[in-house]
Amino acid sequence: MEHKQKTVRRNKGGRPKKGAADKLKYRLTVKMATSDYYTLKGKARGAGISAGEFLRRCMRDGQVKERLTPEHTGYVRQLCGMANNLNQLAHKANAAGFVTVRMECRILVARIEELLNLILL
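Residues numbered from 1 in each chain as written. Predicted model: local features only at pLDDT ≥ 70, side-chain atom pairs only at ≥ 80, totals over all residues. Heavy atoms only, no water.

### Side note on the overall build of the protein
- Scanning the protein from N- to C-terminus turns up 4 helices and 0 strands.
- Helices and strands appear in the protein in the N-to-C order α-α-α-α.
- In terms of overall dimensions, the protein is more spread out than a globule: its C-alpha atoms have a radius of gyration of 29 Å, far above the 14 Å expected for 121 residues.
- Across its three principal axes, the protein shows a C-alpha extent of roughly 110 × 35 × 20 Å. (Helix = DSSP H or I, 4+ residues; strand = E, 2+ residues; numbered from the N terminus. Rg over C-alpha atoms; globule rule 2.2 N^0.38 Å.)

So, in structure tokens, the structure goes:
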């Protein structure tokens with residue numbers, strides 16, 4: 001007589017297994033110069049992701065955008081306010097003449113240049 005053995009699978013817990021499309025099963029070795037390696041690490045750190053994820057996104061999307069720091073976000077807000085001031089000065093200059101707003105324009109341009117230098121550094 002034949003004995004049929006029942007194999008009972010018990011749920012051991014844990015996360016569900018990944019599908020074949022989601023698994024990272026291929027390893028790729030890339031040789032690069034020291035400067036390229038540190039550039040990659042710096043850009044990945046700036047984007048807040050691992051170097052491997054950075055390279056996967058570059059391959060898939062063609063680009064990875066770096067997050068803005070809170071400091072740079074504040075600078076952008078200040079520039080937006082200055083752009084509004086510049087539009088108001090241009091309107092005033094068209095109405096009353098450039099001579100009346102010349103100094104205000106020079107001061108605003110100097111502040112904009114100062115902010116741009118802070119952003120670019």
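### Structural notes on the domain arrangement of the protein
- Per the domain assignment, the segments of the protein are domain 1 (28–64) and domain 2 (70–120).
- Each of domain 1 and domain 2 was reduced to a C-alpha centroid, and the two centroids are 37 Å apart. (Domains from an automatic or database assignment.)

### Quick look at the nonpolar core
- Counting residues in hydrophobic clusters, the biggest one holds 9 residues: Tyr 75, Met 82, Leu 89, Ala 93, Val 101, Cys 105, Leu 108, Ile 112 and Leu 115.
- Of all the secondary structure elements, the ones that give two or more residues to this core are helix H3 (70–96) and helix H4 (102–120).
- Beyond its immediate stretch of four places on either side in the chain, Val 101 contacts Leu 89, Lys 92 and Ala 93.
- The next biggest cluster of nonpolar side chains, apart from the first, holds 6 residues, and it includes Leu 40, Ala 44, Ile 49 and Phe 54. (Core = buried A, V, L, I, M, F, W, Y, C linked by side-chain atoms within 4.5 Å. Buried < 20%, exposed > 50% of the residue type's maximum accessible area, 1.4 Å probe, protein only. Contact = heavy atoms within 4.5 Å.)

### Some points on the side chain of His 72
- With respect to the secondary-structure elements, His 72 resides in helix H3.
- Within the structure, the side chain of His 72 is placed 2.7 Å from the side chain of Thr 69, a separation counted as a polar contact.
- Here His 72 is in contact with Leu 118 and Ile 119, once residues within four sequence places are set aside. (Polar contact = N/O pair within 3.5 Å; in protein donor to acceptor, adjacent residues only side chain to side chain.)

### Considering the packing of H3 against H4
- Where H3 meets H4, the closest approach of the two axes is 10 Å, and the angle between their N-to-C directions is 160°. Here H4 runs roughly antiparallel to H3, going by the angle between their axes. Like other packed secondary-structure pairs, H3 and H4 cross with a definite hand, here left-handed. Contacts from His 72, Tyr 75, Gln 78, Leu 79, Met 82, Asn 85, Leu 86, Leu 89 and Lys 92 in H3 reach Glu 104, Cys 105, Leu 108, Arg 111, Ile 112, Leu 115, Leu 116, Leu 118 and Ile 119 in H4.
- By residue class, the composition of the contact of H3 with H4 is 12 nonpolar, 3 polar and 3 charged. (Axes fitted to C-alpha atoms, helices over the stretch in contact; angles between N-to-C directions. Parallel < 35°, antiparallel > 145°, perpendicular 65-115°, else oblique. Left-handed = near helix turned anticlockwise from the far one by under 90°. Nonpolar A, V, L, I, M, F, W, Y, C, P; charged D, E, K, R; others polar.)

### Some words on the state of the cysteines
- Applying the stated rule across the entire model yields 0 disulfides.
- Take Cys 105: it sits in no disulfide, and the sulfur closest to it among the cysteines is that of Cys 80, at 19 Å.
- Classification of Cys 105 by relative accessible area gives buried; the value is 15%. (Disulfide = S-S within 2.5 Å.)

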